[in-house]
Amino acid sequence: MAYRTGVRLDLHPDGELAALQHRIRGAVHRVFGPDSTDYPLGVLHMTAAYAAADTDTDKLAQAIHRVRPGHAPFTVDRIIIIEVYWLHGPLPGRNDLFGRRICWDTVDTIPLQG
């Protein structure tokens, strides 16, 4: 799905993945404290791109709709714990354009047994 803020891929069915997400979040809270995450859990999705400016997304939405197969299997083989933060300032390669960049540092990687 194309939105003015980026491109999002919804995940379905998401029951098992949602259960994994809740278990991981509980573990993160036990280790890093209950305030270590400050966003609500919503519909599971993957973000494929973030938008840097508002634009008409009709052409993009139509192109995404034509991608086939429209559904693909999704497998989780490891959990990567990251600390996410925003950097404010000139965008890379565009000293004339200021904005925010999403950055992160890897805290740990946990492989899952299949």
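So, here is what we can say about the structure in this document. (Residues numbered from 1 in each chain as written. Predicted model: local features only at pLDDT ≥ 70, side-chain atom pairs only at ≥ 80, totals over all residues. Heavy atoms only, no water.)

## Some thoughts on the pattern of salt bridges
Per the stated rule, a full pass over the model turns up two salt bridges. Between Arg78 and Asp77 there is a salt bridge, and its shortest N-O distance comes to 3.1 Å. Assessed through its relative accessible area of 44%, Arg78 is described here as partly exposed. (Salt bridge = Lys/Arg side-chain N within 4 Å of Asp/Glu carboxyl O. Buried < 20%, exposed > 50% of the residue type's maximum accessible area, 1.4 Å probe, protein only.)

## Quick look at helix H1 (residues 15-32)
The terminal C-alpha atoms of H1 lie 26 Å apart, and with 18 residues this matches the ideal 26 Å at 1.5 Å per residue to within 8%. A positive phi of about 100 degrees marks Gly33, the residue just after H1. (Helix = DSSP H or I, 4+ residues; strand = E, 2+ residues; numbered from the N terminus. Expected span 1.5 Å × (residues − 1).)

## Some details on the layout of surface pockets
Within this model, the largest pocket holds a volume of roughly 1,900 Å³. Taken together, 36 residues form the lining of the largest pocket, with Gln21, Tyr39, Ile80, Ile82 and Val84 sitting closest to its centre. Estimated volume of the second largest pocket: approximately 860 Å³. Taken together, 25 residues make up the lining of the second largest pocket; nearest its centre are Asp10, Leu11, His12, His71 and Ala72. For the lining of the second largest pocket, the secondary structure elements donating two or more residues are strand S2 (6-10), H1 and helix H2 (58-65). Per element, the largest residue contribution to the lining of the second largest pocket is four residues, and it comes from H1. (1 Å grid on protein atoms, 1.4 Å probe; cavity = no way out; pocket = protein on both sides within 12 Å on 5 of 7 lines; lining within 4 Å. Points joined across faces, edges and corners; volume = space filled by probe spheres on them.)

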